[in-house]
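Listed below, chain by chain, are the residues.
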Amino acid sequence: MLSRAAAIRRGAAAAFSTVSEKPETGLYGFYVLRTAKGFRRFVDDAIERSDELVAHVAGLPSAPEIVRAMDEISNTVCSVIDSAELCRNTHPDREFVEEADKASMRIYEHLQYLNTNTTLYNAILKAEGESVLLTEEARRAATTLRIDFEKGGIHLPEDKLERANQLNLEIAQLGRKFSENVMDKPGFVDVYPASRVPRNLRHHFQSVYRFNSGSFEKQSNQFGNAKQKGLRIVTDSENLSSALRCISDEEVRKQVYIVGNSEPRENIGVLNELIDARDELAKIMGCKSYADFAIRPNMAASADVVMSFLGDLSNIVRHKADEEFKAIQDFKRRICYEKSADLEPWDEDYFIGMMKSSLNNLDASVIAKYFPLSQCLKGLNVLVESLFGATFHQIPMRDGESWHPDVIKLSLRHPDEGDLGFMYLDLYSRKGKYPGCAHFAVQGGRRLSDSNYQLPIIALVCNFSNSSGITARLNHGDVETLFHEFGHALHSLLSRTEYQHFSGTRVALDVAEIPSNLFECYAWDYRVLKTFALDETTGDAIPEKLVKALNASRNMFPATELQRQIFYSIMDLTLFGEQASKPMDTISTVADLRRKHTSWKCAEGTHWHTRFTHLINYGAGYYSYLYARCFATTIWQEICQDDPLSCSAGSAIRDKFLRYGGSKDPSSLLKDFAGDAIIRNSGGGIIPDISSLCKEIGL
């Protein structure tokens, strides 16, 4: 029998052609990472090299040399930061994780030193002042680097700078603690009897037992016949979602919802400390709130611009969302034979799912047979070949390069341009691994010489069920997620910037999610799906009727989903906005915002936001998902919809957008890509045009 790893490699080979490669290296191709302790040397080498570059910059060479040296410092430090981050989140060996964790903190401390180095700051001021000597991209790099220095407080008096450094370190530590608590303390519910959970879900949960009545001695003397079997539902995000969507017993859903949205309690205090630290940092930097501090470099320019945009969108969507709420409530009353039954927070996923399945005749098992993972990987190949004329090729792992047998490595190759970049795929769930789906950078692209380009290397990490190896089937939501992350991957792989500082997803937050949202659209289009979504038994393409039913299901409650995203964004801005009192009562604040901006009531005492890790990674920036959705919808309708797999659509996506990474002003980039109407000026900032989004959801 083939081992699971061998089966995966065989399945990948069916999706991609292979080429040979040299046999020896370390983790991610870095020779120094042959062992876990290699992370120590990795940091030492990065510090030594960056110190050499600081000394070079101190000699005040020409403006182009200053910018180039500064970018190499960024490249040197980022290679450690990015590799450590990927390792911390995915490596199964605890020693590697711990060493990566230590490396991450050490290199972060060195980064703080670099960000407050007046020699570097004065040099970049000189380079920016001599902008006539620089190319357009170099001028933008000089300005961006200067702004980055000033975000660290280098221009402040010494006492304020020292406090800003302390706060930045504290913020990083609090963010890490918040995320660790989410992973380590998810909470659980014991459900008795086990029959209250649908049979097809039970294998996800641990069996537990209890004695029904009487003394322990009496029960044990009856050979355990009085023991009752139950199930322990650990309320991490995946289990919570499955339980709320699939368990018909309302009392079980209620228990799972309340526990799942009341853990980890420790994060109430962590979040309050984070809010205070970010607020103090913003005040030191001369901003009225952390939201203003975070948004100032983006297209939106201020929290007021974003809040006004979100408030207007909330008002526009409210009426349709209320109509959808009433339809769900009426459905519950019919199903439950209770004319006065109210909708509860733990009802939303269950009854929406039931309505979508029943009205569109959707059977999850029928849908999944068209999406075996190996076919979905072929779908990614179809996309890049049709749009960009490139193909993926599997590269055998060199000794020490991989962190798990499941991982495969691909090169993206163009027949005329050669290799464009490399991508690791780590797609299956396993204990201790990052629980969601994400795109991780390993190495950014940059120009080394006229004839030599440092190719980007990234990892695409997902958590699909691995019970059946490479023949694992995805539900359509998983397919959409895969395409979302693939959009990020293409942004990294296809950018061609002079500087690593601008490579791929290193862009203004306002535009970071545009490619991922755009490629989600591809996951819903029949013309795309029929090229790879094949019945694994018959080889027949997915029926157009089934894709229409999927889209009809998707379009049933668009206002409810949009309202939820608006609420998340407003909550994020409010928590990191101007502080009326300290500490903020985040539980009541979030509950009030939910009542104001959604049609749904709040379960008293719950605090789901304490597991909402976007507050860490996207603090005061969650609105960017809505910005991106508006932009991506316009791009889809204007450029891609007529012929989504055409070379002309691909050329526009690559040559007018992905190629530039962060090297062009984002508003100019968007207008050049999709026309002036894609953005609007508002209150000194920029907001997206919402007409395409309104058209999509029927507003």
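Residues numbered from 1 in each chain as written. Predicted model: local features only at pLDDT ≥ 70, side-chain atom pairs only at ≥ 80, totals over all residues. Heavy atoms only, no water.

- Database annotation for the protein chain, UniProt heading Sequence similarities (unreviewed entry): "Belongs to the peptidase M3 family."
- According to the UniProt record, the Subcellular location (unreviewed entry) comment for the protein chain reads "Mitochondrion". (UniProt positions renumbered as here; feature names shortened; annotations may be inferred.)

1. A short note on the environment of Asp-655
- Considering the arrangement of structural elements, one finds Asp-655 in helix α27 (residues 647-656).
- Spatially, the C-alpha atoms of Asp-655 and Leu-494 are 9.2 Å apart, while their sequence positions differ by 161 residues. (Helix = DSSP H or I, 4+ residues; strand = E, 2+ residues; numbered from the N terminus.)

2. Considering the pattern of salt bridges
- Scanning the model with the defined rule gives 47 salt bridges in all.
- Of the charged contacts in the structure, one is a salt bridge between Arg-49 and Glu-72, with a shortest N-O distance of 2.8 Å. Here the residue Arg-49 occupies a position in helix α2 (residues 38-58), and Glu-72 occupies one in helix α3 (residues 63-90), the gap between them amounting to 23 residues.
- Residue Glu-72 is classed as partly exposed on the basis of its relative accessible area, which comes to 21%.
- One salt bridge connects Arg-318 with Asp-322, and the closest N-O pair in it is separated by 3.2 Å. Here Arg-318 and its partner Asp-322 are both found in helix α14 (residues 303-336), 4 residues apart, which amounts to about one turn of the helix.
- By relative accessible area, which is 33% here, Asp-322 ends up partly exposed. (Salt bridge = Lys/Arg side-chain N within 4 Å of Asp/Glu carboxyl O. Buried < 20%, exposed > 50% of the residue type's maximum accessible area, 1.4 Å probe, protein only.)

3. Looking at the sheet that holds strand β2 (residues 188-191)
- The strand order across the open sheet formed by 3 strands is β2-β4-β3, and the pairing between neighbours is antiparallel. Looking along the sheet, the strands with just one partner apiece sit at the ends: β2 and β3 (206-211). On average, each strand axis in the sheet is inclined to that of its neighbour by 35 degrees, with strand direction left out of account.
- Inspection of the sheet shows β2 paired to strand β4 (residues 227-234) by 4 bridges, in the antiparallel sense. Bridge assignment links Val-189 to a residue of β4, and that residue is Ile-233.
- Relative to β2, helix α11 (residues 250-260) is tilted by about 160 degrees, and along the sheet it contacts β2 and β4. (Pairing = 2+ DSSP bridges. Axes fitted to C-alpha atoms, helices over the stretch in contact; angles between N-to-C directions. Contact = heavy atoms within 4.5 Å.)

4. A short note on the packing of aromatic side chains
- The tally for this structure, following the rule as stated, stands at 32 aromatic pairs.
- Arranged with centres 5.2 Å apart and planes meeting at 40 degrees, the rings of Tyr-618 and Tyr-625 form a pair that is tilted.
- Of the residues examined, Tyr-618 reaches a relative accessible area of 14% and is grouped as buried.
- Each member of the aromatic cluster is reached from another via a ring pair, and the members are Phe-567, Tyr-568, Trp-608, Phe-612, Tyr-618, Tyr-622 and Tyr-625.
- Here the guanidinium or amino end of Arg-253 rests over the ring plane of Tyr-350, the centre of that ring lying 4.3 Å away.
- In this arrangement the basic side chain of Lys-409 is found over the ring face of Phe-422, its NZ or CZ atom lying 5.1 Å from the centre. (Phe/Tyr/Trp six-rings, centres within 6.5 Å; stacked < 30°, edge-to-face > 60°. Lys NZ or Arg CZ within 6 Å of the ring centre and 35° of its normal.)

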